[in-house]
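Listed here are the chains, written in short residue letters.
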Amino acid sequence: MHINPLEKKWLFASLALVAVFLGSIFYTAFERNIHPPSHVETVDSAKLHLGGEFAEDKLGVVGQADGSVRVTLVAGRYGFYPRQMSVPAGRPVTFRIASMDVLHGVHVPMTNMGTMVVPGYVAQVTTVFPKPGEYPMLCNEYCGMGHDHMWSRITVVA
Ligand code: CUA
């Protein structure tokens, strides 16, 4: 079978590109162990209520010895629990969130607080609220019929 020389060149060029792309994926992922930056910590989403960090009586705001604050939340259709929380302004607030069911997203407008909450993983994000006020915490990943009602209220106090 005759292949036009120019066509042959393009064939080799495209195959070489595929090899480069696959090679770079394998090299970075397996050889160098480089992955997208994320907080990878797993949790059994079906057993959150049975005990451990995300049991119902452990949720909410806890002050730390260094003056920062930790907020433990569970996301589930259709709310973030607890529904209301109070955190200080001007101090680091670390949110730790687990989903009890499907994929949710969390977003606090006018802050850098935003992450996906993937079932099976603990989402963690730290932010500082610069000034006191009422902030909504919204779900920004479509999670079902009640998605648009999924939100909690954050009161930032001075
Ligand atoms: Cu949860 Cu949308």
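Report on the accompanying structure. (Residues numbered from 1 in each chain as written. Predicted model: local features only at pLDDT ≥ 70, side-chain atom pairs only at ≥ 80, totals over all residues. Heavy atoms only, no water.)

As for the environment of Y81
Assignment of secondary structure puts Y81 in strand β3 (residues 79–81). Contact partners of Y81, with chain neighbours within four places excluded, come to L59, T72, L73, V74, G76 and M100. (Helix = DSSP H or I, 4+ residues; strand = E, 2+ residues; numbered from the N terminus. Contact = heavy atoms within 4.5 Å.)

Some details on the pattern of salt bridges
With the rule as written, the count across this model stands at five salt bridges. Between R96 and E41 there is a salt bridge; the shortest N-O distance is 2.8 Å. One end of the pair, R96, is in strand β5 (residues 92–99); the other, E41, is in the loop between α1 (5–31) and β1 (60–63), and 55 residues separate them in sequence. Among the residues examined, E41 registers a relative accessible area of 29% and is labelled partly exposed. Across the pair D101 and R77 runs a salt bridge whose closest N-O atoms are separated by 3.8 Å. Separated by 24 residues along the polypeptide, D101 in the loop between β5 and β6 (104–107) and R77 in the loop between β2 (69–76) and β3 bring together distant segments of the chain. (Salt bridge = Lys/Arg side-chain N within 4 Å of Asp/Glu carboxyl O. Buried < 20%, exposed > 50% of the residue type's maximum accessible area, 1.4 Å probe, protein only.)

What about the side chain of S45?
The topology assignment puts S45 in the loop between α1 and β1. Judged by relative accessible area, S45 falls into the buried class, the value being 12%. In this structure the side chain of S45 is engaged in a polar contact, spanning 2.7 Å, whose partner is the backbone oxygen of S99. The residues contacting S45, other than those within four sequence positions of it, are S99, M100, P119 and G120. (Polar contact = N/O pair within 3.5 Å; in protein donor to acceptor, adjacent residues only side chain to side chain.)

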